[in-house]
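For reference, the chains in residue letters:
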Amino acid sequence: MPSLNISFTEDELEAVRAAAAAEGKSLKQYVHDLPLREQQRLQFVRYAVAWGEQHRGEFDEAFANEVPPRPQDRQRVEAA
């Protein structure tokens, strides 16, 4: 199985050890899981942003008094 050697400063390694202990994991398991969790987080964020964009009109209609200016509208106001 492929493996990876990662260099840490003493302070960095201590912080990673503390984070692993806080999750009740070994250092090896914690470091292994980090990129997988990040991949899942990014997938969730992409889905959430897409869902929000699909439903923006519904929210804008339901909360008409609270609609923030769109980025292109903010640029026009700042340019004026």
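Residues numbered from 1 in each chain as written. Predicted model: local features only at pLDDT ≥ 70, side-chain atom pairs only at ≥ 80, totals over all residues. Heavy atoms only, no water.

(A) Molecular detail of the overall build of the chain. Per the secondary structure count, the chain includes four helices and zero strands. From first element to last, N terminus to C terminus, the chain shows the α and β order α-α-α-α. Counting all 80 residues of the chain, 9% fall into the buried class. Just so you have it, the chain exposes about 7300 Å², and 56% of that area is on carbon and sulfur atoms. (Helix = DSSP H or I, 4+ residues; strand = E, 2+ residues; numbered from the N terminus. Buried < 20%, exposed > 50% of the residue type's maximum accessible area, 1.4 Å probe, protein only. Areas by Shrake-Rupley, 256 points an atom, 1.4 Å probe, with all protein chains shown as cover.)

(B) Main features of helix α1 (residues 10–22). Its 13 residues place the ends of α1 18 Å apart at the C-alpha level, agreeing with the 18 Å of an ideal helix rising 1.5 Å per residue. Among the residues of α1, those classed as buried are L13, V16 and A20. Viewed end-on, α1 has its buried residues packed into an arc of 65°, placing them on one side of the element. Away from the buried face of α1 by more than 90 degrees, exposed residues E10, D11, A21 and A22 are located. Of the surrounding secondary structure, the elements contacted by the buried residues of α1 are α2 (27–54). G24 occupies a position one or two residues after α1 and carries a positive phi of about 70°. (Expected span 1.5 Å × (residues − 1). Arc of directions from axis to C-beta. Contact = heavy atoms within 4.5 Å.)

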